[in-house]
Amino acid sequence: MGRYVISGGKKLKGALRVNGSKNAALPILAATVLNGSINVLENCPKISDTKTALDILRHIGCETESEDKVLIINSSNISKTEIPEELVKKMRSSIIFMGPMLARFKKVTLYYPGGCELGKRPIDLHISAFRKMGAEIEEENGKIECFCEKLRGCDIELDFPSVGATQNIILAAVLAEGTTIIKNGAKEPEIADLCRFLIKCGAEIEGIGTSEIKITGVKNLKAATHKIIPDRIEAGTYLIMTAAAGGKITLENVNPIHISPLIDVLSKMGCKIKKYTSSITLKSTGHLINIPFVQTLPYPGIPTDIQPQLTALSSVARGLCRFEETIFESRTAHIPELIKMGADIELNGNCEFTVKGVRRLRGSEVFARDLRGGAALITAGLCADGITVVDNSSHVERGYEDIVEKLSEIGADITLKI
Ligand code: EPZ
């Protein structure tokens, strides 16, 4: 567990290349289980969550190779269908292995997943969908044992457009018997990227990018090579950091369409933003104005994974901003830490809070409680007076490749102390 030490007040200036998307790479890594072949994934982020996914793949018998941002996964010799608790506990996305393992091996044993503490984070939508497709699932003391004679395609209407449940059902349905139609499915770009990988493997999927996805099961799938889409949350994080610290940044290898709601918010707050096909430039004085209301929503709304970082930015913008977090029932662990730094934030329950901007935050010792909360505290440290120490760097390392090197490259004074 390292700690980031940041000396605030430095303006940011320069260009950064955005990495491949964590939340696209993780389900696609799980999908390599399906075809029993050699898969080549390009533009993969080198972060601890992808390392955990590779550990899981190796544990069940895959051979893996990594050459910089290219991962090669050979899933032809999988010999185990149990994923050990210590691996599953490392990240929420471990649950995404259920679908492909059930689809190919008709059985899997794993455990209730770990990951960021953002409320209960149940997996009932995953479990009920697999049961409807014909799986027998027993849950006891956190252990989940699943098996099926065969998976049958069916219509599944999700109570909530869950990203993980949508991905898991797709991963099961591609080899199921018959057709599966997901209604009220999530539409995040990472799901579309998973579908594009699966279609390259020979899957039959229609409705990509919409909330109704139709999957027609096939007998088997073949090897594929795929380039992971850019990480829209990493891109949004660096835009927010520059907006807060002041300066000018150009992000390369980004799809502006994927973060257009955030771009709208930052423009309204006073940033000057130019969008190009695969890059974005943002200029900020560092003295911005709050917009009155920010509500997180499923894609294409403002992503929940940007809310903590936006809270930090709002803390140093003039005026009031009311936030409503509608995706997770408690994504506010960053707020007490921001208040330690002098932020003026009033919590109204677990999902709503009001920020009143202050002139400057004070450098302090604060604790990252989760991945995006850690990014929010770094954002605050970049624009605070004095030195900020953000503890628990391992949370941030799960989702941001080389964040110290990247921020240092554009003028931040940040180091990682182990
Ligand atoms: C994915 O998590 C992302 N993680 C999260 O990013 C992201 O915040 C989230 O989607 C929402 O966009 C990955 O892709 C690895 P959900 P996931 O299922 O799939 C409830 C980050 O910072 N729910 O869409 O777990 C759940 O409790 C991470 O990169 C059920 O009730 O999110 C939550 O309130 C954090 N039952 C809501 O749905 C279920 O069976 C959204 O969860 C499943 C979910």
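Our subject is the structure that appears above.
These remarks concern the structure in this document. Along each chain, residues carry numbers from 1 onward, in the same order as the chain's sequence is written. Note on the predicted model: pLDDT of at least 70 is required for a residue's local features to be given, and 80 or more for side-chain atom pairs to be given and counted; whole-chain, interface and lining totals, by contrast, use all residues. Only hydrogens and water are set aside when side-chain values are computed; all heavy atoms of the structure are taken into account.

**Comments concerning the sheet that holds strand E2 (residues 12–17)**
By definition, the strands of a sheet pair up through backbone hydrogen bonds, in either a parallel or an antiparallel sense. Stated formally: Two strands form a pair only when DSSP identifies at least two bridges running between them. Secondary structure follows DSSP: runs of H or I at least 4 residues long count as helices, runs of E at least 2 residues long count as strands, and numbering of each begins at the N terminus. Structural elements are reduced to axes, namely lines fitted to C-alpha atoms, with helices fitted over the stretch in contact, and the angle between N-to-C directions of any two is expressed from 0 to 180 degrees. By the convention used here, residues are in contact when the closest approach between their heavy atoms is within 4.5 Å.
Read from one edge of the open sheet, four strands run E2-E14-E16-E15, paired in mixed fashion. Every other strand in the sheet has two partners, leaving E2 and strand E15 (272–275) as the edge strands with one partner each. When the angles between neighbouring strand axes are averaged without regard to direction, this sheet yields 10°. Relative to strand E16 (residues 279–284), E15 runs antiparallel, the two being bridged by four bridges. Within E16, the position partnered with lysine 275 by the bridge is isoleucine 280. Strands in contact with helix H9 (residues 260–268) are E15 and E16; relative to E15, the strand with the most contacts, it is inclined by about 150°.

**A look at helix H12 (residues 371–383)**
Which entries qualify depends on this criterion: For every residue, the accessible area obtained with a 1.4 Å probe (protein chains only) is divided by the maximum for its type, and the residue is called buried under 20%, exposed over 50%, and partly exposed between those limits. Counting of polar contacts relies on pairs of N or O atoms within 3.5 Å, with two restrictions inside protein: one atom must be capable of donating a hydrogen and the other of accepting it, and residues adjacent in sequence are counted only when both atoms are side-chain atoms.
Of all 13 residues making up H12, 13 are buried, and the element is well covered by its neighbours. Between a side-chain oxygen at the N-terminus of H12 and the backbone nitrogen of arginine 372 the separation is 3.4 Å; the capping residue is aspartate 370.

**Thoughts on a negative patch on the surface**
Our working rule: Each patch is built from residues lacking any salt bridge and having more than 30% relative accessible area; the joining distance is 9 Å for like charges and 5 Å for nonpolar side chains (Val, Leu, Ile, Met, Phe, Trp, Tyr). To measure how exposed things are, a 1.4 Å probe is used in the Shrake-Rupley method; for residues, cover is taken only from the protein chains shown. Salt bridge, as used here: a side-chain nitrogen of Lys or Arg that lies within 4 Å of a carboxyl oxygen of Asp or Glu. As used throughout, the charge tally considers Lys and Arg to be positive and Asp and Glu to be negative, leaving His and the chain termini uncounted. Note that the charge is assigned to NZ on lysines, CZ on arginines, CG on aspartates and CD on glutamates.
Together, Glu82, Glu136, Glu138, Glu140, Glu145 and Glu149 give the surface a local cluster of negative charge. Counting residues per element, the negative patch draws most heavily on strand E7 (residues 136–140), which supplies three residues. The topology assignment puts glutamate 145 in strand E8 (residues 143–147).

**What about unusual backbone geometry?**
Omega for the bond connecting tyrosine 299 with proline 300 falls within 30 degrees of zero, at 15°, which places this linkage in the cis form. Along the chain, the position of proline 300 falls in the loop between strand E17 (293–295) and helix H10 (307–315). Positioned with a positive phi, aspartate 402 is a non-glycine residue whose angle comes to about 55°. Along the chain, aspartate 402 falls in the loop between helix H13 (393–397) and helix H14 (403–409).

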